[in-house]
Amino acid sequence: QCQLNGLWRNEQDSLMEISVLRDNGDFQGKYLTRVTLSGGCAHISLLKGAQQQLGEGGWPTFAFTVHWDKFSNATTAFVGQCFVDAGGKETLTTMWLLREAVGSLEEDWKATR
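On a predicted model such as this, the values are computed, not experimentally measured, just so you know.

Trainee: Please explain the pairing of strand β1 (residues 6–9) as it appears in this structure.
Mentor: In the case of a regular strand, side chains alternate between the two sheet surfaces. With four bridges joining them, β1 and strand β2 (residues 15–21) adopt antiparallel strand pairing. Pairing of Arg9 across the sheet is with Leu15, part of β2.

Shown next as structure tokens:
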């Protein structure tokens, strides 16, 4: 069974630590991104999410959000699934959408990546 709690590293060398995983699937933690919109140094931001636990032998899906409040006016939503390979290695696969604040409805087209 795949466990979300713990420390995770992605291809961009960012770190995510899920420190609280409740029985109902809710979780929280911290995200240390090495990739910033401003090109600055790495920053820690809080994350909150939920995991859908499947029956025995299933791989859970999950979603979480990160508000980059210390260095950006953006929020990112991640959705993904956790897998365990034959060797026991856990892997998270995710897709994300990042939303920046813009000053007007006319600028809405450029707000989501």
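Trainee: Please explain the packing of aromatic side chains as it appears in this structure.
Mentor: Remark: the centre distance and the inter-plane angle together describe each pair of aromatic rings, the angle taken between the planes. Using the criterion set out here, one finds five aromatic pairs in the structure. Put simply, the rings of Phe27, Tyr31, Phe62, Phe64, Trp68 and Phe78 touch in pairs and so form one group of aromatic residues.

Trainee: Honestly, the nonpolar core in this entry has me stumped. Any pointers?
Mentor: General note: in soluble globular proteins, nonpolar side chains tend to be found buried as a group. Core analysis: the biggest nonpolar cluster contains 17 residues, and Met16, Tyr31 and Phe64 have the highest contact counts within it. Elements with a minimum of two residues in this core: β2, β3 (26–33), β5 (61–67), β6 (74–84) and β7 (90–100). If we ignore the near neighbours within four places in the chain, the residues touching Phe64 are Met16, Phe27, Tyr31, Leu47, Lys48, Gly49, Thr76, Ala77 and Phe78.

Trainee: Teacher, can you tell me more about the confidence of the model for the protein chain here?
Mentor: Close inspection of predicted coordinates is inappropriate for parts of the model with low pLDDT. This prediction gives the protein chain a mean pLDDT of 86; 88% of its residues lie at or above 70. The least confident element of the protein chain, judged by mean pLDDT, is β2 at 89; the most confident is β5 at 93.

Here is what the cut-offs are and how they apply
Residues numbered from 1 in each chain as written. Predicted model: local features only at pLDDT ≥ 70, side-chain atom pairs only at ≥ 80, totals over all residues. Heavy atoms only, no water. Pairing = 2+ DSSP bridges. Helix = DSSP H or I, 4+ residues; strand = E, 2+ residues; numbered from the N terminus. Phe/Tyr/Trp six-rings, centres within 6.5 Å; stacked < 30°, edge-to-face > 60°. Core = buried A, V, L, I, M, F, W, Y, C linked by side-chain atoms within 4.5 Å. Buried < 20%, exposed > 50% of the residue type's maximum accessible area, 1.4 Å probe, protein only. Contact = heavy atoms within 4.5 Å. pLDDT = per-residue confidence, 0-100.

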